[in-house]
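The primary structure of each chain is shown beneath.
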Amino acid sequence: MYFPIGWPKHLSSPTEDGESIQQVIVNRERNLFAVVTTQSIQIWYCKPTVLIVTYRRSDDSVVVNGINHCAVWRADSSGIAVGTSGAHLLFFRLHHEKTQKGLYSSKQLSSSHYRRDTTETDTVPVPSLRIQYAATAQIAGGIKCLCCLRDDILVATGNGILRRVSWDGSVKTQQELCIRTIPFSVDLQQSRESTIGDTSIYITQMEYSILLGGFAAVLSDGRAAFLTMESPRQEPRKVHAVWAPEVSNACCVAINHKYRLIVFGLTNGQGIVFTVDEITGALLVSHRLSLSSCDFPDGCQAAGPVTCLRWTPDGCALALGWHNGGLSMWSVFGALLMCTLGGDFGNYSDSGRLPLQIKSMDWDPEGYHLWLTTEPNLMDVTSVFPSLNNSTPTDNKTNSSGQLLLMPFVKSALTTNPCMTNHQHLFLQGSDRLYLNTGDTILKTTNLDTTEGTSPVRQTQQPVNVIGGKSNSLSVLIGNKQWQVVQIPLNYLSANWPIRYASVDKSGHCVAVAGRYGLAHSALFAKRWKLFGNVTQERDMSVSGGMAWWRDFIVVGCYNHYENREEIRLYPRVSNLDNAFASVTKVPSQVLLVNVFKDLLIIFCADYHISLYSIERREYPTSNPSAVIHRIQDLSLANFIPHPSSLVSLTLTSLRSETVAPKSVNHIKEAESLVINVAGRLLMLQRDRSSTPIVGEPLDRRKHNEMPFCAPIVLASAVENMWTTARTDRGKPHLMEALWLGCGAAGMKVWLPLFPEGEDKSHSFLSKRIMLPFKLKIYPLAVLFEDAVVLGAATDTLCLDPFTPSPDSRTPTMPFATLERTTQIYLHHILRQLLRRNLGIHALQVARSCTNLPYFPHVLELMLHEVLEEEATASEPIPDALLPRVVAFIAEFPQYLQTVVHCARKTEIALWPYLFASVGSPQDLFEQCLQTGALKTAASYLIILQNLETPKVSRHHATQLLDTALEWCDWSLCSDLLRFLRAISPADMEAARPPLASPNAVFPSPLTPRDNMQGFKFSTSSQRSRHGSAEKRMSGGSQDRLQDAGMDKKSSRSRNNSGNDGTAEEYYIDMIVSRHARKLLGAYRLRDLALFAAHLDYKLVNWIAKERTRAAKVEDFEAALKRLHTDFQWPMPSLGRNSSSSSISSRGSVSKSSQAGGTLESQINGLKLNTSIASTPSSSNNTTPSDSTTPVVKTITPGPAGAGFHVIPSSQPGRVVSIIKGVARPQSLASESTTSEAKTQEAMLKYASTKGSDENSLENTDPSEGSSMFEDGENVFDDSFWSNGTMLEELEQMYQQLAKHGPPQSEKELRYLLQIVLEAGCLEWALLISILLRDLPSIAQTVTAAGASDVSLETLGRMREGLSYLELWVDTECAGYKPLMLAMRPQTQILAELVETRATSPPLTPTSSISEHSTTHTDNTKRHSSHNNSSAGENDGEEDDVFSEQSNEDKEEAGCVVS
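Now for a description of the structure that goes with this document. (Residues numbered from 1 in each chain as written. Predicted model: local features only at pLDDT ≥ 70, side-chain atom pairs only at ≥ 80, totals over all residues. Heavy atoms only, no water.)

### Examining the nonpolar core
- W740, F889 and W1325 are the most contacted members of the largest nonpolar core, which has 187 residues in total.
- It is helix α31 (residues 1323-1333) that provides the largest number of residues to this core, a total of 9 residues.
- Of all hydrophobic cores here, the second largest spans 29 residues; its members include F33, A413, Y492 and A520. (Core = buried A, V, L, I, M, F, W, Y, C linked by side-chain atoms within 4.5 Å. Buried < 20%, exposed > 50% of the residue type's maximum accessible area, 1.4 Å probe, protein only. Helix = DSSP H or I, 4+ residues; strand = E, 2+ residues; numbered from the N terminus.)

### Looking at the sheet that holds strand β20 (residues 250-256)
- Spatial strand order, β20-β21-β22-β23: 4 strands in an open sheet with antiparallel pairing. Two strands bound the open sheet, and with one partner strand each, they are β20 and β23 (283-289). Across this sheet, the average inter-strand angle for adjacent strands is 25°, counted without regard to direction. (Pairing = 2+ DSSP bridges. Axes fitted to C-alpha atoms, helices over the stretch in contact; angles between N-to-C directions.)

### As for the packing of helix α12 (residues 827-836) against helix α13 (residues 840-848)
- Contact geometry for α12 and α13: axes closest at 8 Å, N-to-C directions at 160°. Our classification of the angle between α12 and α13 gives roughly antiparallel. Between α12 and α13 lies a crossing whose hand is left-handed. Residues L827, L831, L834 and L835 of α12 pack against G840, H842, A843, V846 and A847 of α13.
- When the residues that make up the contact of α12 with α13 are grouped by side-chain class, the tally is 7 nonpolar, 2 polar and no charged. (Parallel < 35°, antiparallel > 145°, perpendicular 65-115°, else oblique. Left-handed = near helix turned anticlockwise from the far one by under 90°. Contact = heavy atoms within 4.5 Å. Nonpolar A, V, L, I, M, F, W, Y, C, P; charged D, E, K, R; others polar.)

### Topic: the sheet that holds strand β52 (residues 721-723)
- Here we have 4 strands laid out as an open sheet, ordered β52-β53-β54-β55, and antiparallel in their pairing. Of all strands in the sheet, those bounded by a partner on one side alone are β52 and β55 (769-774). Ignoring which end each strand starts from, the neighbouring axes of this sheet average 20° apart.

### So, unusual backbone geometry
- Of the consecutive residues K47 and P48, the connecting peptide bond is found in the cis state with omega at 0°.
- By secondary structure assignment, the location of P48 is in the loop between β5 (40-45) and β6 (50-56).
- For the peptide bond that leads from W497 to P498, omega is 5°, which places it in the cis range.
- Secondary-structure assignment places P498 in the loop between α9 (490-496) and β36 (501-504).
- Despite not being glycine, K527 shows a phi value in the positive range, around 55°.

### A look at empty space enclosed by the protein
- Within this structure, the stated rule accounts for 13 cavities of 30 Å³ or more.
- When its volume is computed, the second largest cavity comes out at roughly 90 Å³.
- Forming the walls of the second largest cavity are 15 residues, and the residues nearest its centre are Y259, L414, V648, E720 and N721.
- Of all the elements in the fold, those that place two or more residues in the lining of the second largest cavity are β48 (647-653) and β52.
- Partitioned by chemical class, the residues of the lining of the second largest cavity number 9 nonpolar, 4 polar and 2 charged. (1 Å grid on protein atoms, 1.4 Å probe; cavity = no way out; pocket = protein on both sides within 12 Å on 5 of 7 lines; lining within 4 Å. Points joined across faces, edges and corners; volume = space filled by probe spheres on them.)

### Topic: the side chain of S360
- You can see S360 is positioned in strand β28 (residues 358-363).
- Of note is the side chain of S360, whose polar atom sits 3.2 Å from the backbone nitrogen of V24. (Polar contact = N/O pair within 3.5 Å; in protein donor to acceptor, adjacent residues only side chain to side chain.)

### A closer look at the pairing of strand β14 (residues 171-178)
- Sheet topology note: the strand β13 (residues 161-166)/β14 ladder contains 4 bridges and is antiparallel. The residue of β14 that forms the bridge with V165 is V171.

### Some remarks on the pattern of salt bridges
- Enumeration over the complete set of coordinates arrives at 42 salt bridges.
- Residue E967 pairs with K1079 through a salt bridge whose shortest N-O separation is 2.8 Å. With E967 in helix α20 (residues 951-968) and K1079 in helix α23 (residues 1064-1082), this residue pair connects regions lying 112 residues apart in the sequence.
- Between E1107 and R1110 there is a salt bridge; the shortest N-O distance is 3.3 Å.
- Owing to a relative accessible area of 5%, E1107 belongs among the buried residues under this scheme. (Salt bridge = Lys/Arg side-chain N within 4 Å of Asp/Glu carboxyl O.)

As structure tokens, then:
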């Protein structure tokens, strides 16, 4: 509620040497403060904080009457009474001197060039006061404390007598009261009365309350009591006293009039709060004020006795100070808001003393500042500030007399204006500014809302996070911790300070404030305040009953000073702030509270009556909109409210004690009940539906039908705040239909609806709602219903020590207080409470409605962790353990495995046996993770198994996970698992782990076994489906996985440890890795093999060299080439023609590929040719696309017939057939082809095969899978067409350009792999990669390397046969490779000759073959390395560059689409 902000201010008090500050007291209006020292009286003004007058007693008066001890204000602020140590009561009068400009004013310089700004002293006249001595009264027995009773002063003396003294100095002896004659009892009805017999007992402190009808007193022996008086005249025979139970060490007292509470400070540093029983009159313990030993070890004992207690003016918070130092703030029902014992307070830590040794304190008008006086500090100042060694002795007078401090605070707007809209936002108000936490709603304001004439709050406006009744995104209030600070305009503050009420609309866009007079409002998106244009209108009204927003109208309950009457006014936001646009309604008595529910206005007046009004908006085409209210009914609460000021808040809600199913509920909410908070007790008055003719009949605004209410029911006690909403969300009915209560130290309570499941009425005896309490670590100020989050605020301190303290700042530096927003999830508390009450069905309903929250897995983890910690560390056996029910509940969600392992890893190992006794064996959970594919979760379970099982078992499970991770291509996990396996030494394999000791020796496992939980069901569904945890799984050719891994080579590490060489375990690991590598290469997944080797530091060159005649051989060149295209995102080449083209242009083309079924679906891009090409095209590969003489490639968009070429699907799924209408040669050089020539070409391709019986031979190839279809049945790509040298040269140039349009990262990877396979002697893959790159020199180098003597005849045969199949595939499916195949014909003929020569020549000796291969292979490698500008020996160094992370710019330039 209240939070300090900024630095405390040090006020310079004019004191003499040896004079100390005794007390600071405030008058009834709280605008004048009296600072009482041992010899003087100072009167300070509140705003501006200035000293008005000082009265100093003479030395003779101090000697005769004694020093000042205590003081009290007169009720009308016309006098002050001061009690002295010499048993004298001095009376002083305050006279107001009439001045025109006030006591202070700014002086204007004579210079006309200097412009002086207006200050507070100019706008707020400080009254000129004069203190005059009036009289002296001698009090027998000495003065212990003073208390003001209307026109008299009650003086407690040292001989146990209470004397009444009038303000003229006369003592009323006939009304004296002796405490030894007062009857004391426990209550006022049945207990036996007794008197105090000890004559030495007297009253040390007391405070009077007219609302409670008595005064609370602290006796000298430490006991406390409440003295009731039947009449204000204090007749001795009519005074009764009630003991405060359990109190024997009280030292101070304070009364909360609003909540009817009495708090006593104790000598042990704690506080105890009592409430008065209305029936018996006894004092009942409400709660205690004690610091937590977890947060403040020995806090109360170190702080010492409580010295002073002060409730805030609104009664919502309590300030408590200790004798040894320290200040704390508590909410009305015991929640700790702030404590200085836990902060860093600079130099006090060096001196060993606690900060803020408070002697007296009091609050300003609205609680924005706390005035403090501290004990005199007699320690050596130079020990704190060594720089002050040379200071004069007079500089230390401030330190020796005590300090006068002013501590600023901000408070929640709910303290004085608990309207419904203020409950929906985190909204704080300070002395001159507002603190609003609304996320980025201001940035989301539409252009229509920012105009002057429209409002962002409309009748049909839906909440930001609700669309169609379902929450589609999280509230923006969750993630934003920044405060939006709204400065209140100075021209309004200067004349109307302090700010009493503040309100924000439901959208968080508009705010309004009201001070002493008038009001002001602002639209935050417009960043402009609106004030009254007529100052007279502003001064004629004062807001007295709060304010609220209804759509774009401000509703206020105010007092009209001009006509002396109470009114309700509605001001439109879009109009100027003027009474001409306001809607005014008279009310019979003062308005105390205002609230709005939909189109209903509810007010509470000082005559105990509640009035209901309907509000109607009226639009006018030529004028501003207006609102009209009509009274519906009045309701008297005189029988339920002891005093009008005791009503804390009231609201209309749509809640009822009985609920219906979510499907049948009317989502247009109507007012169903009235909820009021009477001094912390929550009452609910429901509508009487029995008198309504038609159930659900809407309110008739014209007839103004009354809403009869039933008798009230008590919902809860000790309630500070309540939250409810008028919004609806069909997906989360439990959270939206609930009533949330803030209960101080007891945390929060939620009145949750229990919806029946379907039409089942077998449990009709069950309650329809349930009150669930739960603890919080923050103080709640706002509730986000759909997001299951509570928002609050807290104070943080920053200690900033000055480098050069000034001489007048002797006290150690106080910290700078900052305000931060806090957040806490409450969903797991609700679920836990429901499970504890065996309401698992309803818990499951609530949880399933919140599964879309991103932190829902964290909610399950929190619930499991808290229950585990509580039960596993219990000192006694738990008869009904909750953990098995929680485990069974979490098992209903797919996050079960993940939740269990995360909870275990964040819990002590000693608690694991208790956990796994309920959830099952971790080995079984590990197997479930492998079955569902949750590899990351399985890795976490592996860590659990490592601590619970022997290394041998851990190695077994790690091997299982490694095998699965290899199948899922999770390379980073594979790398971690290999490091884990190789770290296990053989010496640890047979070592047995000792059993874990249970933290609970009495009861090591849950009392309710898991086997008995089989009948515990949450739903009636027969079989539930559990899915694996939502993890990102990497596919084989994922470009994102390549970028995440980076594919940059890590630091080289040895695969085999020196002590583990040749072990069976190491061999088994290598066998698993090698087996998967063969599997990848056998499936033609060359890129996955490279990723595999990069992450696992696998020696790829040596392995491929060993496997070149086994796993590395290529049986199907067509499938391998297609797989390379797919994995490396390399576009398929294609040809096309556009007869209307006038020039050849280029653009990078990208083919979209998919991996479904292992087939390639590509959008084929074509080439455009025209007769207007330049006569001499360039043959350079580096020609830029802007060169007009170079044939270039341009992407052809699929279009209608006649527009170049288009793509149609064939009869086979996953295939694409390109229809090429024709290619126009320059200068009409295109020739016709005949069928016979085509057959000759086909026969030549058949001759190249030496294995006609192979299943992949030409005869068994199905031409229907993909064939070219031409117009009029003519094939324009016949041999005569391709044999023309001019056309072939041009097409080769085009292919040189096309080859550059693959992704740059893929090209780097392919070049690197080409170098790897050449070094390993795997010529088949080298030939395929060279074809993919359209690299004729690499093809020639590969064919040359094939002539080495160590290359087997089978390898040469597969290479030649593979090229034959590729030529057939090019003829039938991919004509884009036709130019390359024609250019490769010489190399194809060389391969054919090598095969024929090798088949007829005798075999060479092994020695000669090896030497010849070594020489040839070395030469080929050098030539290839020279061609690629790199050396074969630099493979490991190049891997960093080749498999590096590709930037987004490279992706866009390459036009690569990641599948």
